[in-house]
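# Chain and residue survey
Given next are the chains, with one letter for each unit.
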Amino acid sequence: MFFSYFKELVGKEVTVELKNDLAIRGTLHSVDQYLNIKLENTRVVDQDKYPHMQSINELLMLIKQSKTLDFPHLQLSVRNCFIRGSVVRYVLLPQDGVDIDILHDATRREARGG
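A short tour of the structure in this document, coming up. Just so it is clear, the structure is predicted and the values come from calculations on it, not from any experiment. (Residues numbered from 1 in each chain as written. Predicted model: local features only at pLDDT ≥ 70, side-chain atom pairs only at ≥ 80, totals over all residues. Heavy atoms only, no water.)

### Quick notes on the pattern of salt bridges
If the charged atoms of two oppositely charged side chains come close together, the side chains can form a pair. Using the criterion set out here, one finds three salt bridges in the structure. Residue Arg-89 is joined to Glu-17 by a salt bridge in which the shortest nitrogen-to-oxygen separation is 2.8 Å. Highlighted residues: Arg-89 in strand β5 (residues 88-92) and Glu-17 in strand β1 (residues 13-18), separated in sequence by 72 residues. Relative accessible area serves as the criterion here: at 33%, Arg-89 is assigned to the partly exposed category. Residue Asp-21 is joined to Arg-89 by a salt bridge in which the shortest nitrogen-to-oxygen separation is 2.7 Å. Taken together, the residues span a long stretch of sequence, with Asp-21 in the loop between β1 and β2 (23-31) and Arg-89 in strand β5 at a distance of 68 residues. Each of Glu-17, Asp-21 and Arg-89 takes part in salt bridges that share partners, so that together they form one network. (Salt bridge = Lys/Arg side-chain N within 4 Å of Asp/Glu carboxyl O. Helix = DSSP H or I, 4+ residues; strand = E, 2+ residues; numbered from the N terminus. Buried < 20%, exposed > 50% of the residue type's maximum accessible area, 1.4 Å probe, protein only.)

Shown next, in the form of structure tokens:
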């Protein structure tokens, strides 16, 4: 049930919270039957806690604002990432991407065994 629902969210922004408390926000590129997730344009939600995972866009803004191009303390983060389904704690969905009626109907069907 949830696999088909997640496929409908491809192209929308989601936040994936991992079991190690790292939360990553990005555009859902793909998902498989094991709920392995591929995100694009990723960024870490709590950048103060994970400064080494700072987003590319923020780094480019810092570079444009600077008069020098020497940034030894900054590291580029990964723009796209693959997240194994077994390490996912939660997936926070976009509010406009949740159709409550469809979820209720699917849950009722699954509870009845059909």
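There is more to say after this.
### Quick notes on the pairing of β2
Both β1 and β2 contribute to a ladder of five bridges, which runs antiparallel. Paired with Val-16 across the strands is Ile-24, a residue of β2. Where β1 hands over to β2, the hairpin turn is made up of four residues, of which Asp-21 adopts a positive phi near 80 degrees. The pairing of β2 with strand β3 (residues 37-44) spans six bridges and is classified as antiparallel. In the sheet register, Ser-30 faces β3, and the bridge partner there is Lys-38. (Pairing = 2+ DSSP bridges.)

Nothing here speaks to function; it is all geometry.
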